[in-house]
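One letter stands for each residue in the lines below.
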Amino acid sequence: MKPLSARRTVRSAIVAAAAVLLLPVVGAAAAPESSPGTVYESHAVGSDAVERASCNEDSQPETGLQGDVPAEDRNSGRSRTGYSCNISRLGGYEGRGGGITSTSFEHCAYVGSFFPGNLLGPAQGVQVIDASDPANPKLTATLTEPAMLAGTWESLKVNTQRKLLVGTGVPLLTGVGMMSVYDISDCAHPKLLNPGPGTNLGMLLPITSHEGGFSPDGNTYWSSGTAPGIVSAVDLTDPSIPKVVWQDLIGLSTHGIGVSDDGNQLYLSNNMGGIHVLDVSAVQRRDPNPQVRQLSQLSWTDGWATQHSIPVNYDGAPYLFTVDEGGSGGVKLIDVSDAARPEIANSIKLEINLPENQDSSLASASGGSAFAYESHYCAADRPDNPTALACGWISSGIRVFDVRDPFDVREIAYYNPPAKTGDNLALTNSPHALASILGVPILSAPAIGQSILSGQFDPNQALSPRSGMLTQGDISTDWCFSAPEWRGSKLWVTCADNGFMALQLDPDVYSPPADQHSTVGS
């Protein structure tokens, strides 16, 4: 029998977890009355992890559960050498850290900024990296317009068709009014297109921002705040004069997006766990006074802070790869062939994300700050019949999956960068370093609560030498937030502490399709 004090601790944890657990369910059902569309809820929790990668002899494989960085490796310094499986590092540009999300175009990468640390320099704002020689990436420019200095959070996106780069200013979780648009025809030297509205602080746009993305034709940038869930359609037909052509409050709290290939449907993430499916054809057509209809809403309870969606097609049938940032939801495959009734068709999780392993996750992630082993941003290698999906999986690093059969996904490679343990003060543009005043992985709270309530959480297994590290996180892993972008058999990635890196996939596990086209969904 457990001691009385232990039983009280567990009982208190269960009560707290139950309260946390109820938040996504209540929030998901609270769509505004002005937003029609049926709400469908999924309470199923993915119970299987994808098949592990089989590593070649040059790999440095993980030492514990798939996706885990064990407490022993963190405390001994082993995590400072990282883990790799069928991936090698060609080169990189660390700078002072990689912000939250970054993007790329042709042979250039654009490293996101994080406020206020990026202001400490030496390279302030968004860093422009020329990676034409992947072994020796070079800094060629910095973008220092107000939006770029204010922190770009998850808003920095490229539209390849029109060769545009857009970022909004997000000083703290939600920003207001700042947006800059650049011509990246010369990718190493972006040219500002809108010195007036959005860039001039006397001409702010009427938008909230945290994340955003383009319609496929590049004529609309969709800007989403977090709380409240205000979404704005910004017309970029003339990128020198961005203007808001539609705006509404969609939910209590919204996040990132995905846009259908015709630009007519918007898949808007619900921070409470789920997606809103919106008919935005009137905006796409530029109807006067356009009306947006909510076709449906799908919610779930095994993940929250849903991040973004990547619309893809398998044999002509439309699906989404939808990513959860919080909890252990991983990546969901959603069938959207009937937009009025989307259905979860499969999920992609690592072993460390499973309910029965949340105790082990807490044991190793304690002392590592707010995030643990959550997924964040992914990229498919092409929108039609994708063959591979690469994801930034926060403390689990970069994960690469074979998705040729989306109902039988397997992992083929991973790269978890060397931890920068103890380098907090040097990484002024790293949200990981700046957030490490906190040691507790709070984004995992709902997943831990569900594990407790289902009887799969062992408090003894959750204890480790790191359990008392409630403050002063030690950055004993990196945080990989950005979508890894496909460049043939290479991946261009940005992680919070290691900055920009060019990685090479083993040809035995990945052959790029002739029509490869890296896509993040917006």
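Since this is a predicted model, take the numbers as computed values, not measurements.

Caption draft 1: Structural view of the environment of K163. Examined against the element boundaries, K163 turns out to sit in the loop between β8 (157–159) and β9 (164–168). The exposure class of K163 is partly exposed, given its relative accessible area of 31%. Note: C-alpha distance between K163 and L252 (89 residues apart in sequence) is 34 Å. Beyond its immediate sequence surroundings of up to four residues, K163 is in contact with F105, Y182, D183, I184 and S185.

Caption draft 2: Representation of the confidence of the model for the protein chain in the model. Here the protein chain shows a mean pLDDT of 92. Residues at 70 or above account for 93%. pLDDT under 50 marks residues 1–34. Its contacts with residues more than four places away, or in other chains, come to 34 contacts.

Caption draft 3: Representation of the pairing of strand β19 (residues 265–270) within the structure. Burial runs high along β19: 5 of the 6 residues are buried. Linking strand β18 (residues 254–259) back to β19 in an antiparallel pair, the connection comprises 5 residues, with G263 at a positive phi of about 80°. The loop that links β19 with its antiparallel partner strand β20 (residues 274–279) comprises 3 residues; one of these, G273, has a positive phi angle of about 110°.

Caption draft 4: Spotlight on the pattern of salt bridges. Applying the stated criterion across every chain yields a total of 14 salt bridges. A salt bridge links D302 to K332; its shortest N-O distance comes to 3.0 Å. Residue D302 is found in the loop between β21 (293–300) and β22 (303–314), and its partner K332 is found in strand β24 (residues 331–335); the two are separated by 30 residues along the sequence. For R404, the salt bridge identified is with D402, shortest N-O distance 2.5 Å. Look at D402 and you get buried, because its relative accessible area is 8%.

Caption draft 5: View of the sheet that holds strand β11 (residues 179–183). Strand order in the open sheet formed by 4 strands is β8-β9-β11-β12, and the pairing between neighbours is antiparallel. This sheet does not close on itself; its edge strands, each paired only once, are β8 and β12 (191–192). Taken together, the 3 bridges between β8 and β9 define a ladder with antiparallel strand orientation. The residue bridging V158 from the neighbouring strand is L165, located in β9.

Caption draft 6: Local environment of the sheet that holds strand β31 (residues 490–495). If you walk across this open sheet you meet the 4 strands as β3-β32-β31-β30, and the pairing is antiparallel. Bordering the open sheet on either side are β3 (87–93) and β30 (485–487), each of which pairs with just one other strand. Recorded for the sheet is a direction-independent mean angle of 30° between the axes of neighbouring strands. Of the pairings in the sheet, the one linking β30 to β31 comprises 3 bridges and is antiparallel in character. Of the residues in β31, the one forming a bridge with W486 is L491.

Caption draft 7: Representation of the side chain of S269 within the structure. By the element assignment, S269 lies in strand β19. Look at S269 and you get buried, because its relative accessible area is 0%. Engagement of the side chain of S269 in a polar contact is seen with the backbone oxygen of T306, the distance being 3.5 Å. Within the structure, the side chain of S269 is placed 3.2 Å from the backbone oxygen of Q307, a separation counted as a polar contact.

Caption draft 8: Seen up close, the side chain of D279. Following the sequence through the fold, D279 ends up in strand β20. Side-chain polar atoms of D279 contact the side chain of S281, separated by 2.7 Å.

Caption draft 9: Seen up close, helix α7 (residues 445–453). With 7 of 9 residues buried, α7 is to be regarded as a mostly interior element. Those residues of α7 that fall on the buried side of the exposure criterion are P446, A447, I448, G449, Q450, S451 and I452. Phi turns positive one or two residues past the end of α7, at G455, with a value near 75°.

Rules and cut-offs
Residues numbered from 1 in each chain as written. Predicted model: local features only at pLDDT ≥ 70, side-chain atom pairs only at ≥ 80, totals over all residues. Heavy atoms only, no water. Helix = DSSP H or I, 4+ residues; strand = E, 2+ residues; numbered from the N terminus. Buried < 20%, exposed > 50% of the residue type's maximum accessible area, 1.4 Å probe, protein only. Contact = heavy atoms within 4.5 Å. pLDDT = per-residue confidence, 0-100. Pairing = 2+ DSSP bridges. Salt bridge = Lys/Arg side-chain N within 4 Å of Asp/Glu carboxyl O. Axes fitted to C-alpha atoms, helices over the stretch in contact; angles between N-to-C directions. Polar contact = N/O pair within 3.5 Å; in protein donor to acceptor, adjacent residues only side chain to side chain.

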